[in-house]
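The lines below spell out each chain.
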Amino acid sequence: MELIVIGSGPAYTDRRGAAAASFVVRAEGAALLLDLGQGAFPNLASTLEPSGLAAVVVTHLHPDHFVDLVPLRHYLKWEFDPPRRVRVVAPAGLTNRLDALDGHEGFAAEALDIEALSEGMLRIGPFEVEARRVAHTNESYAIRVSVAAGGSGPGASAGPGLVYSGDCGHAEDLLPLIRPGDTLLSEASFGAGPVAPGAQHITSGDAARVAAAGDAARLLLTHILSGHSRADTLAAAQSIFAGPIQLVTERDRFEV
Ligand SMILES: [Zn+2]
């Protein structure tokens, strides 16, 4: 499996060229997109042809994780004759959010096949997708993606997986998803910490603790707010997790 970083930014950033949360996972000629936050669509469209996505999985309904579904919808409707469609799996309420942005009922449905995300296993093309609820909004998920083992039914995974935290206010919520040898791609919105009172996010140290507890092979950190030192963010994680750790940036590619 290949992971391509489309957007590694959080809700706001002063990092030039950054886009909000968005990641492509590729395997066996198929591509799955995890989140599509603000500014991510150009990075996506310059990386692959978006109408060919097997699906978009949205972890939760904060704009920095879904709002560039608006340009994706326009692209699918206007770039092709006849228009094309993409499958979107997301928490309840996405259709109404997108329709409200355009002030037009039916806006999303003109190009997006939106279905409900829930806890458990989902097969999308060659991918086995596992979703677990995490503390953040009233409906937020972390996602594990792996290449499904051929013909072995739901739950069978051929190799190491990628566990993506989405946004997460309680690091231990990620543990049930992490299997030994997995890559953990985790938010660290407040860098090395502390997390602002009332914010449902974790630090790089929290992410490192669950990476170690779950015997992950590697930790990738993302979604770091401006004003937090990237060097301190990395150092805090390195003091806890002995495996390789990297702060990801747009266009980074990793073999998982
Ligand atoms: Zn969020």
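Structural notes, computed from the coordinates. Each chain carries its own residue numbering, running from 1 in the written order of its sequence. Only residues with pLDDT of 70 or above have their local features reported here, since the model is predicted, and side-chain atom pairs are shown and tallied only from 80 upward, although totals for entire chains, interfaces and linings are computed over all residues. Values reported for side chains reflect all heavy atoms of the structure, with hydrogen atoms and water molecules removed beforehand.

Turning to the side chain of Thr183, a few remarks are in order. Secondary structure elements follow DSSP: runs of H or I of four or more residues count as helices, runs of E of two or more count as strands, with numbering from the N terminus. The residue Thr183 is located in strand 11 (residues 183-187) in this model. A 1.4 Å probe rolled over the protein chains alone gives each residue an accessible area, and that area as a share of the maximum for its type sets the label: buried under 20%, exposed over 50%, partly exposed in between. Owing to a relative accessible area of 3%, Thr183 belongs among the buried residues under this scheme. Polar contacts involving the side chain of Thr183 include one to the side chain of Arg218, which spans 3.3 Å. Side-chain atoms alone can form a polar contact between residues adjacent in sequence; in general such a contact is a pair of N or O atoms within 3.5 Å, and within protein one must be able to donate a hydrogen while the other accepts it.

A word on the packing of helix 3 (residues 69-78) against helix 4 (residues 94-102). Interhelical geometry of helix 3 versus helix 4 gives an angle of 80 degrees and a closest axis separation of 11 Å. Comparing the axis directions of helix 3 and helix 4 gives the class roughly perpendicular. Contacts between helix 3 and helix 4 involve Leu69, Val70 and His74 from the former and Leu94, Leu98, Leu101 and Asp102 from the latter. Its residues placed into classes, the contact of helix 3 with helix 4 shows five nonpolar, one polar and one charged. Fitted lines through C-alpha atoms serve as axes, helices being fitted only where they are in contact, and the angles separating the N-to-C directions of these axes extend from 0 to 180 degrees. Each angle is binned into one of four classes, with values under 35 degrees roughly parallel, values over 145 roughly antiparallel, values of 65 to 115 roughly perpendicular, and all other values oblique. We call two residues in contact when some of their heavy atoms are within 4.5 Å. For this classification, the nonpolar set comprises Ala, Val, Leu, Ile, Met, Phe, Trp, Tyr, Cys and Pro, the charged set comprises Asp, Glu, Lys and Arg, and every other residue, Gly included, is treated as polar.

Further remarks concern the sheet that holds strand 11. Between any two strands, pairing holds if DSSP finds at least two bridges. Strand order across the open sheet formed by seven strands is 7-8-9-10-11-12-13, with mixed pairing between neighbours. In this open sheet, the two edge strands, each paired with only one partner strand, are strand 7 (120-124) and strand 13 (245-247). Direction aside, neighbouring strands of the sheet carry axes that sit 20 degrees apart on average. Sheet analysis places strand 12 (residues 218-222) next to strand 13, joined by three bridges and oriented parallel. Across the sheet, the residue bridging to Leu219 is Ile245, located in strand 13. Across the sheet, helix 6 (residues 230-238) touches strand 12 and strand 13, and the angle it forms with strand 13 is around 160 degrees.

Two rings belonging to Phe, Tyr or Trp (six-membered ring only in the last case) form a pair when the distance between their centres is within 6.5 Å. Interplanar angles under 30 degrees mark stacking, angles over 60 mark edge-to-face geometry, and anything in between is tilted. What the rule picks out here adds up to three aromatic pairs. Geometrically, the ring pair formed by Phe41 and Tyr75 is tilted, given 5.6 Å between the ring centres and 55 degrees between the ring planes. You can see Phe41 sitting in helix 1 (residues 40-45) and its partner Tyr75 sitting in helix 3, a full 34 residues away along the chain. With respect to class, Phe41 is no different from Tyr75; both count as buried. Sitting over a ring, as applied to charges here, requires NZ of Lys or CZ of Arg to be within 6 Å of the ring centre and within 35 degrees of the ring normal. Of note, Lys77 hangs over the ring of Trp78, and the distance from its end group to the ring centre comes to 4.8 Å.

Let us now look at the pattern of salt bridges. One speaks of a salt bridge when a side-chain nitrogen belonging to Lys or Arg is within 4 Å of a carboxyl oxygen belonging to Asp or Glu. Taken as a whole and assessed by the stated rule, the structure comprises 12 salt bridges. One salt bridge in this structure joins Arg85 and Asp113, with 2.9 Å as the shortest N-O distance. With Arg85 in the loop between helix 3 and strand 5 (86-90) and Asp113 in strand 6 (residues 112-116), this pair connects stretches of sequence that are 28 residues apart. We classify Asp113 as partly exposed; its relative accessible area is 36%. A salt bridge links Glu130 to Arg132, with the nearest nitrogen and oxygen atoms 3.1 Å apart. We classify Arg132 as partly exposed; its relative accessible area is 30%.

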